Structure formats: structure tokens, C-alpha cells
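Remarks on the overall topology
If you want the building blocks of each chain, they are given just below.
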Amino acid sequence: MKRNILLFILVLVLCLVLAPYFGNWYNLIDHQYGGWITGEKGAVVFVGFILAYVFLTPLIFKLFGKNNQNKLIGWLVSPVFLLYAGYNWKLLYIPILTAITGFLLAKIINFIISKIKHPQLR
């Protein structure tokens, strides 16, 4: 349990660092104008944080997590999907594809690590 909490904190910290990069990428797809609380730059960072969260949660938890990884990832990422479904359902494919990309990248990294640790003898 402690490990999962630490991994969640790691995901949040990495999201803060990577938010501007993900936000600029998302801004190319759906331009952010800001709102009455934040300006354009704040909106880009917020959307970037959400996309980084959706990408990093499956990636980090699949690489380092233990005990019910898939269930935990589902519970952590589902609020973002609900947010997108309510906000702009036409763009729901973006967080879904981002989460799948994080999941597949973790699977590839785990596969490579397993091949390095246990090379097949000929």
C-alpha cells in the first residue's frame, strides 16, 4: 500500500514537470483559450497536467507497481475519462490513446528488461 502511494506521488510530481510539454502538444490539436480563472498559458499547463497524468499513471504503475495494478490504474484514470466525456466527448480518444500508449510503453520496457535479465541460451 505504501508503495502505491509513493508511486502516485511520483506520478503527480512528474506530471507537474511534464505538463507544459504535454500541454503544448495538446494545444496543437485543440487550441486552449483560457477562461475566467486562468489565461491561455494556465489552460495549456492544466490540460498538459491531465494528459501527463493519463500517460504516466499506467506507465509508472505497470513498471513499478504491485498488487492489483490494473484495478488501481482504472480507478485512478477513470475520472479523467469522465471529465473528457462531460467536457468534450469528441476528443475522448486523446486520453484513451495516451493511456494505451503509456500502458504499451511499460509492457515493452518490461519485456526488454526481462530479456536482458534472462537471455536465452543457445
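Let me begin by describing the structure that accompanies this report. This is a predicted model, so every value here is computed, not measured.

Our focus in this paragraph is the packing of helix α3 (residues 69-87) against helix α4 (residues 93-117). α4 packs onto α3 with a crossing angle of 160° between their chain directions and a minimal axis gap of 10 Å. Here α4 runs roughly antiparallel to α3, going by the angle between their axes. Crossing hand, α3 versus α4: right-handed. Across the interface between the two elements, Asn70, Val80, Phe81 and Tyr84 from α3 touch Pro95, Ile96, Ala99 and Phe103 from α4. When its residues are assigned to classes, the contact of α3 with α4 shows 7 nonpolar, 1 polar and no charged.

One pass over the full model with this rule turns up 3 aromatic pairs. With a centroid separation of 6.4 Å and an interplanar angle of 85°, the aromatic rings of Phe8 and Tyr53 are classed as edge-to-face. Of this pair, Phe8 sits in helix α1 (residues 2-29) while Tyr53 sits in helix α2 (residues 40-64), and the two are 45 residues apart along the sequence. On the basis of relative accessible area, Phe8 is assigned to the partly exposed category, the value being 28%. An angle of 85° between the planes, with centres 6.4 Å apart, marks the rings of Tyr26 and Tyr84 as edge-to-face. In this pair, Tyr26 is assigned in helix α1 and Tyr84 in helix α3, connecting sequence segments 58 residues apart. Of the residues examined, Tyr26 reaches a relative accessible area of 1% and is grouped as buried. What makes Tyr84 buried here is its relative accessible area of 5%.

Where nonpolar side chains cluster on the molecular surface, the patch consists of Trp25, Leu28, Ile29, Tyr93, Ile96, Leu97, Ile100 and Leu104 and spans about 800 Å² of accessible area. Looking at the nonpolar patch, the elements with two or more residues in it are α1 and α4. Broken down by element, the residue count for the nonpolar patch peaks at 5 residues, all from α4. Take Ile100: it is sitting in helix α4.

About the cut-offs
- Residues numbered from 1 in each chain as written.
- Predicted model: local features only at pLDDT ≥ 70, side-chain atom pairs only at ≥ 80, totals over all residues.
- Heavy atoms only, no water.
- Axes fitted to C-alpha atoms, helices over the stretch in contact; angles between N-to-C directions.
- Helix = DSSP H or I, 4+ residues; strand = E, 2+ residues; numbered from the N terminus.
- Parallel < 35°, antiparallel > 145°, perpendicular 65-115°, else oblique.
- Left-handed = near helix turned anticlockwise from the far one by under 90°.
- Contact = heavy atoms within 4.5 Å.
- Nonpolar A, V, L, I, M, F, W, Y, C, P; charged D, E, K, R; others polar.
- Phe/Tyr/Trp six-rings, centres within 6.5 Å; stacked < 30°, edge-to-face > 60°.
- Buried < 20%, exposed > 50% of the residue type's maximum accessible area, 1.4 Å probe, protein only.
- Patch = residues over 30% accessible without salt bridge, like charges linked within 9 Å, V, L, I, M, F, W, Y side chains within 5 Å.
- Areas by Shrake-Rupley, 256 points an atom, 1.4 Å probe, with all protein chains shown as cover.
- Salt bridge = Lys/Arg side-chain N within 4 Å of Asp/Glu carboxyl O.

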